[in-house]
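An overview of the molecular structure
Single-letter residue listing:
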Amino acid sequence: MEKTPEELGTVVSTIDGPTTAYFSFVLKSDSVRKGQFVKVETEDGILIGSVSDITRANRYFERAESVAEYERNGSRVMESFPTTDWEYTIANCRALGLYNKENLLVRNLFPPAPGTKVLPIEIERLKGFLGLDEKGLNIGKLAAHDVESKISLNRLLQKHMAILAMSGTGKSYLASVLIEELLDRSRELGRPAVVVIDVHGEYTGFAERAGGYSDRTTVIDGKKIRIGMQAVSPQVLCDFMPEISGTAKRVLVGKLEALHKERKVKREPYGIEDVINSIESDPSIKDNIKGPLIGWLYSLKSQRIFGRSTYPTLKELAQPGKLAVIDLSDIDSMKKKQIIVAYFGRKLFRARKKEKVPPFLLLVEESHNFAPERGKGSDYFARPMITTIAREGRKFGASLCLISQRPVQLSTTALSQCNTHIIMRVTNPYDIDHIGETSEGIDKGMLSAITTLRTGEAMIVGEAANFPVFVKVRQRKSRKSTKGESIETIARKFEEMKEKKKQDVEAFL
Ligand SMILES: Nc1ncnc2c1ncn2[C@@H]1O[C@H](COP(=O)(O)OP(=O)(O)O)[C@@H](O)[C@H]1O
Ligand SMILES: [Mg+2]
């Protein structure tokens, strides 16, 4: 039979298949690649498969001892025999789903017959099959296809997402690409607000004029962040003083309420020092209560986070189609970072419930530090906020994107609510096992593929796509912050700068 140009190969019968879940085909065309989607027309309809791996074989080289023996005598098998005529290549495929005679996508319940032709899949069919959305977020191209992977915004954000991978594999880069896509959306398509908890100052580049996003970006310098005392309820303040005793708490609540009332009448703002003064100067409070209470308050004061007014305001944090980068890179105190993330995260969520702010996406870098699985609640103030949004956020249009290089340490409560996982390279066997357990729909073959992904390559599993897909993340348009640069780049720039300085001095002399 003559080979039609578009035919990829023919289903073969092997020791293990074809089955309803797997089939193999011998290649007629060398254009087949790992990760590629293919179709097979069967009796039941159109079966869609994806190539999980490809092997090449050649009878002439099957027996190692014969090859060794032959070549030992100075002859080459390749030169003496028509070996290339005997080479063949087999692609192993996962059978993913079947379009039945009514063109409905159903589970495949019968294996394709050996001898059936394997054909390339039409692009439109592939898009429909994966559940891509023309109006969605373009994060790159599908591996092995010249198709943009436009992920539906609803499907990606409605039920939260997580980006999980080792350091240096492109998590923050991908997050930046996602942010660009969100910022570039037109009003008609619906634009959520984007807030990033930026632990390393990697997203500040969005504010650079040359990047093209500066008009839509506000960088909030961590050192300038303040929580206005008036806006803080006694309960919230007590949450930040986990060691506080019941009695001390009652005293504090009383004092805060009195101060609040008094200053409201006078329309005078107050700070934490006013709270401290009012307690210190009250002789009716017993010393054994006063001492520790003042101590805790001083310790909070030393974080320099409570002030007379709040910065940033809700308006500065969340606007449709705008990005707020909370830059925590200059803050050393973990406690302070926890307070900031806990306070502003909760505030955003509350405001969202009352529809005071648009739907938002909160991206949390190093999320295992803010919502760890283990660790005392008194050290991790932000965890309840994150788990609450994880559990309840979707009803209100509050979405999370948890980014982590230590998924094992990330709260399982929070992670299990992230219905889309974008996984980049992971090689640590513990992390691989954990991902296998927590990400639905990943098989062994995919787990092993995760270990070999290259920087900028990702696998998307879960809600966002009907089937797991491999994607090559596109180039970013925004400016990369210099803070996120590699040591190589920083070292090179350092020397270049020194060199230039030297030249400048010489020129001057
Ligand atoms: N899709 C990509 N295209 C080009 N370069 C990339 C891509 N993804 C990552 N990189 C580069 O790889 C390096 C590490 O990426 P980064 O996002 O900082 O990793 P992570 O956040 O996982 O530690 C950066 O220098 C970045 O520019
Ligand atoms: Mg990063």
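Values in this document were obtained by computation on a predicted structure and should not be read as measured data.

Taken together, 13 residues surround ligand 1, and among them Gly-168, Gly-170, Lys-171, Ser-172 and Tyr-173 come closest. In the environment of ligand 1, an oxygen atom lies 3.0 Å from a nitrogen or oxygen atom belonging to the backbone of Gly-170. A distance of 2.8 Å is found between an oxygen atom of ligand 1 and a side-chain nitrogen or oxygen belonging to Lys-171. Looking at the shell around ligand 1 element by element, the count peaks at 3 residues for helix 5 (residues 171–183). Of the residues that constitute the shell around ligand 1, the class distribution is 3 nonpolar, 7 polar and 3 charged.

What follows concerns the nonpolar core. Ranked by internal contacts, the top residues of the largest apolar core, which has 69 residues, are Leu-237, Leu-252, Leu-297 and Phe-306. Sorting elements by how many residues they give to this core places helix 11 (residues 334–353) first, with 9 residues. Looking at which domains feed residues into this core, each of domain 2 (148–223 + 315–478) and domain 3 (228–307) supplies at least three. In this structure Leu-252 touches Leu-237, Cys-238, Met-241, Ile-244, Val-275, Ile-279, Leu-293 and Leu-297, once residues within four positions along its chain are discounted. By size, the runner-up hydrophobic cluster in this structure holds 62 residues, among which are Leu-130, Phe-206, Leu-323 and Ile-432.

Attention now moves to the pattern of salt bridges. Summed over all chains, the structure comprises 33 salt bridges. Here Arg-56 ties to Glu-87 by a salt bridge, and the two come within 2.5 Å at their closest N and O atoms. Of this pair, Arg-56 sits in strand 4 (residues 45–58) while Glu-87 is found in strand 5 (residues 87–100), placing the two residues 31 residues apart along the sequence. Taking relative accessible area as the criterion, Glu-87 reaches 35% and is therefore assigned partly exposed. Here Lys-127 ties to Glu-124 by a salt bridge, and the two come within 3.5 Å at their closest N and O atoms. Linking Lys-127 with Glu-124, this pair stays in helix 3 (residues 123–130), spanning 3 residues, or about one helical turn. The network of salt bridges with shared partners includes Glu-262, Arg-263, Lys-266, Glu-268, Glu-273, Asp-274 and Arg-308.

When you tally the buried positions in strand 5, you get 11 out of 14 residues, the bulk of the element. Pairing of strand 2 (residues 22–27) with strand 5 involves 5 bridges; the strand directions are antiparallel. Note on strand 5: the bridge partner recorded for Phe-25 is Ala-91.

Remark: helix 15 (residues 429–438) packs on helix 16 (residues 444–451), axes separated minimally by 10 Å, with the N-to-C direction vectors making an angle of 140 degrees. The orientation of helix 15 with respect to helix 16, classified from their angle, is oblique. The way helix 15 lies across helix 16 gives a crossing that is right-handed. Contacts between helix 15 and helix 16 involve Ile-432, Ile-435 and Gly-436 from the first element and Leu-447, Ile-450 and Thr-451 from the second. Among the residues forming the contact of helix 15 with helix 16, the class breakdown is 4 nonpolar, 2 polar and no charged.

Each assigned domain of the chain is listed with its residue range as follows: domain 1 (9–121), domain 2 (148–223 + 315–478), domain 3 (228–307) and domain 4 (480–509). Relative to domain 4, the C-alpha centre of domain 1 lies at a distance of 53 Å.

With that settled, consider the environment of Lys-290. By the element assignment, Lys-290 lies in helix 9 (residues 287–301). Among the residues examined, Lys-290 registers a relative accessible area of 13% and is labelled buried. For the pair Lys-290 and Ile-276, spaced 14 residues apart in the sequence, the C-alpha separation amounts to 9.8 Å. Dropping the residues within four chain positions of it, Lys-290 is found in contact with Ile-279, Glu-280, Asp-282, Pro-283 and Ile-285. Polar side-chain contacts of Lys-290 include one of 2.9 Å to the backbone oxygen of Asp-282.

What follows deals with the packing of helix 8 (residues 272–280) against helix 9. Put simply, helix 8 and helix 9 touch, their axes get as near as 10 Å, and they point 170 degrees apart. Judged on the interaxial angle alone, helix 9 and helix 8 are roughly antiparallel. Where helix 8 crosses over helix 9, the handedness of that crossing is left-handed. Judged by residue contacts, Ile-272, Glu-273, Val-275, Ile-276, Ile-279 and Glu-280 of helix 8 engage Lys-290, Leu-293, Ile-294, Leu-297, Tyr-298, Leu-300 and Lys-301 from helix 9. Looking at side-chain class alone, the contact of helix 8 with helix 9 contains 9 nonpolar, no polar and 4 charged residues.

For any pair of aromatic rings, geometry is given as the distance between the ring centres together with the angle between the planes. Counted by the stated rule, this structure contains 11 aromatic pairs. Centre to centre, the rings of Tyr-70 and Phe-81 are 5.5 Å apart; their planes meet at 55 degrees, and the pair counts as tilted. Of the two residues, Tyr-70 is situated in helix 1 (residues 64–72) and Phe-81 in the loop between helix 2 (77–80) and strand 5; the sequence distance between them amounts to 11 residues. On the basis of relative accessibility, which here comes to 30%, the residue Tyr-70 falls in the partly exposed class. What makes Phe-81 partly exposed here is its relative accessible area of 32%. Note on Phe-206 and Tyr-213: the rings are 5.7 Å apart at their centroids and 70 degrees apart in plane angle, and the pair reads as edge-to-face.

What counts and what doesn't
Throughout, residues of each chain are indexed from 1 in the direction in which the sequence is written. By the order in which they are written, chains take letters starting at A while ligands take numbers starting at 1. Local features in this predicted model are restricted to residues of pLDDT 70 or higher, and side-chain atom pairs are both shown and tallied only at a pLDDT of 80 or more, whereas totals for entire chains, interfaces and linings draw on every residue. Excluding hydrogens and water, the side-chain values take into account all heavy atoms of the structure. Any residue with at least one heavy atom within 4 Å of a molecule or strand is counted as near it. Any pair of N or O atoms that falls within 3.5 Å is considered a polar contact. Within protein, one atom must be able to donate a hydrogen and the other to accept it, and sequence-neighbouring residues count only if both atoms are side-chain atoms. Where helices and strands are cited, they refer to DSSP runs of H or I of at least four residues and of E of at least two residues respectively, numbered from the N terminus. Gly is placed with the polar residues, together with every amino acid not listed as nonpolar (Ala, Val, Leu, Ile, Met, Phe, Trp, Tyr, Cys and Pro) or charged (Asp, Glu, Lys and Arg). Put simply, a nonpolar core is a bunch of buried Ala, Val, Leu, Ile, Met, Phe, Trp, Tyr and Cys residues held in one set by side-chain atoms that sit within 4.5 Å of each other. Throughout this description, buried means an accessible area under 20% of the type-specific maximum (1.4 Å probe, protein chains only), exposed means over 50%, and partly exposed covers the range between. Where each domain starts and ends follows an automatic or database-derived domain assignment. In what follows, residue pairs with any heavy atoms lying within 4.5 Å of each other are defined as contacts. We count a salt bridge whenever a side-chain nitrogen from Lys or Arg sits within 4 Å of a carboxyl oxygen from Asp or Glu. Strand pairing follows a simple DSSP-based rule, namely that at least 2 bridges must link the two strands. Angles here are taken between N-to-C directions and fall from 0 to 180 degrees, while the axes themselves are lines fitted to C-alpha atoms, restricted in helices to the stretch in contact. By definition in this entry, angles of less than 35 degrees are roughly parallel, angles greater than 145 are roughly antiparallel, angles of 65 to 115 are roughly perpendicular, and the rest are oblique. Take the far helix as your reference; a near helix turned counterclockwise from it by less than a right angle gives a left-handed crossing, and one turned clockwise gives a right-handed crossing. Here a pair means two rings of Phe, Tyr or Trp (six-membered ring of Trp) with centres within 6.5 Å. Their orientation is stacked below 30 degrees between planes, edge-to-face above 60, and tilted elsewhere.

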